[in-house]
Amino acid sequence: MTRSHEHFSFLARLLHWTMAPLILAMLFIGVGMVATVSQAHSTLIAIHKPLGIALLALVVLRACVRFRRGTPPLPDDMPAPQQVVAKLSHLALYALMTAMPLIGWAMLSAAGYPVTLFGALHLPPILPQDVRLYALLRALHTWLAFALFVTVLMHLAAALVHGLIRRDGVFSSMARGPR
Amino acid sequence: MTKPRFPQRESICVPCRLAAIGAVVLGLAGGLAYVAGWLTPARLTPPRIIDTFEANAGPHPGYRRNHAKGICVAGYFDSNGNGAMLSSAKVFAPGRTPVIGRFAIPGSNPSAPDTSVPIRSMALMFQLRDGEQWRTGMNSTPLFAVRTPGQFYQQLVAAAPDPATGKPNPAKLKAFYAANPETKPLQDWVKGHPPSSSLANAAYYSINAFRFIDGVGNNRAVRWAVAPETPYAPITDAEKNDKNFLQADLTKRLQAGPLRWHLILTVAAPSDPTDDATMQWPDDRQHIDAGTLVINRDTSQDDGACRDVNFDPTILPSGIKPSNDPLLAARSAAYALSFKRRTREEALHPDIHHPQPNGAPS
């Protein structure tokens, strides 16, 4: 095994570290914009929609990169059940990262709202108008957002345990390239 | 070249590092809780406003939390092109734009008498050809009662029904008005302008100011109104005693032919306030007649197209933007929650708008 295989590729790392703060920001923006009647509500919504669509594009690219290049192997001394949990948590992150913007787009479509990005630029609806469907998707958008937040926190905690306590190279495989 | 895979492990304080990791995770979770308002119960949030509407009027599942009693209408807007000098929005280019609308009266009870408030509303959704939309919710008064979302909430609280009488406590309302002199201009206006005899012969006003951006980027503050072609007549004594005259009157008039309003755009002078819906702009401001709104059919709100529309006044086409009026974001946030709750009720109880054969609502 060459050392380069112990690290995520530059593109994978770039995508990870671009998306990580943006996804955290999206969760805070989404929670915040429905919890205020101040002008922040309008500002945050104007950020939330185009940023969500941008993250959808990024996660598609990232899934392709992940599919083609795979991941560096986990340390041999990591117990098998822990390795399974690590892989499942990544699967959950990818599923939620993809689902959230798609549900957001679909729910705006089902409510009959225009999916505006910037100025006159807007996306076509991906569902016919149906407010019962909207009600379901709107609830799902909230619950999956909290599921994503919890998964992200667990991912972050696990990464820090690898980086600060186990110091087994898992954290640095994403934090930096081979030296 | 066989370096050890990992640098030699110096001794570390594992509990310290675990505590640091815990602090990072808890910090983020706490931050989200703060942003969500869970740590600040005093913050004015959409749920507090909508909960107060619900508490004041009791549950009316499936209906809007305010302006609950209404009628769906539809028609179109014929633009004459004059509005294009103020805004690049395609709705102002010469031509026709389909419109879905709704007349309503303020209040959370869908079976309140038409005369329960001296104000009516008209909401419109212009469906632009390219998929853009312009939604507006207008009132039959050129002024709003309050300037800020906080005052709006205080007014709702002051209007809570007294458990003893089932009606708002006049002393509490009086105290609110005394403490908030911004409410006086609307009260004075209402005293001098008796409600009209019909939904068809009233003007409806945008309430808030907006920013209109023209084709070369000029940005002006604008309010709009729709002025009826049908001449104004005050409400009659017979109507005052009829709890539901507005819908029957509208249906009758529409059977005789379409109803028309002119869309009048009013341009602010630089000194005019754009963040205060309780203040009128002087009458001598530039007015532009941008075209004719034609309403040609009505439907019950139980199954009409307007039922599933949230008339959020911040859904605007390119060329119109919200102003700095603090009410606009609050309206958007509160309407969104009302829409979320009532569509959920519709999803859970599909027959909610279709009374059962025995007459009881399902």
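As for the overall build of chain A
Okay, so step 1: Along the backbone of chain A there are five helices and two strands.
Okay, so step 2: Secondary structure elements in chain A, listed N-terminal to C-terminal, are α-α-α-β-β-α-α.
Okay, so step 3: A principal-axis box enclosing the C-alpha atoms of chain A has dimensions of 55 × 30 × 25 Å.
Okay, so step 4: Burial analysis of chain A (179 residues in total) assigns 28% to the buried set.
Okay, so step 5: Of all intrachain contacts in chain A linking residues separated by at least 6 positions in sequence, the fraction that spans at least 24 positions is 68%.

Side note on the interface of chain A and chain B
One widely used convention gives an interface's size as the accessible area the parts lose upon coming together.
Okay, so step 1: Contact with chain A, which involves 37 residues of that partner, is made by 39 residues of chain B.
Okay, so step 2: Of all elements in the fold, only α1 (10-33), α2 (40-69) and α4 (131-166) of chain A reach the threshold of two or more residues within the side of chain A that touches chain B.
Okay, so step 3: Taken together, the residues that form the side of chain A that touches chain B break down as 22 nonpolar, eleven polar and four charged.

Quick notes on the confidence of the model for chain B
Okay, so step 1: Mean pLDDT over chain B stands at 94; residues scoring 70 or higher make up 95%.
Okay, so step 2: Confidence metrics for the complex model read pTM 0.94 and ipTM 0.94.

Overview of the nonpolar core
Okay, so step 1: Formed by 103 residues in total, the largest nonpolar core has its most connected members in M107(A), F144(B), V222(B), V226(B), L263(B) and A334(B).
Okay, so step 2: Excluding anything up to four places from it in sequence, M107(A) contacts Y134(A), L137(A), R138(A) and H141(A).

Quick look at the confidence of the model for chain A
Okay, so step 1: Put simply, chain A has an average pLDDT of 94, and 97% of its residues get 70 or more.
Okay, so step 2: The least confident element of chain A, judged by mean pLDDT, is strand β1 (residues 115-118) of chain A at 92; the most confident is α1(A) at 98.

The rules we used
- Numbers given for residues are sequential positions, taken from 1 along each chain in its written order.
- Chains carry letters and ligands carry numbers; both start at the beginning, A for chains and 1 for ligands, and go up in the order they are written.
- Local features in this predicted model are restricted to residues of pLDDT 70 or higher, and side-chain atom pairs are both shown and tallied only at a pLDDT of 80 or more, whereas totals for entire chains, interfaces and linings draw on every residue.
- Helix and strand definitions here come from DSSP, where helices need a minimum of 4 consecutive H or I residues and strands a minimum of 2 consecutive E residues; each element is numbered from the N-terminal end.
- To sort residues by burial, count the other C-beta atoms lying within 10 Å of each one's C-beta; a count of 20 or more means buried, 12 or fewer means exposed, and anything in between means partly exposed. C-beta atoms are built from the backbone.
- Residues are scored as being in contact if the C-beta atoms we place from backbone atoms lie within 7 Å.
- Three classes are used: nonpolar for Ala, Val, Leu, Ile, Met, Phe, Trp, Tyr, Cys and Pro, charged for Asp, Glu, Lys and Arg, and polar for all others, with Gly counted as polar.
- A residue's pLDDT is the confidence the predictor assigns to it, expressed on a 0 to 100 scale.
- Defined on buried residues, the nonpolar core groups Ala, Val, Leu, Ile, Met, Phe, Trp, Tyr and Cys residues joined through C-beta atoms within 7 Å.

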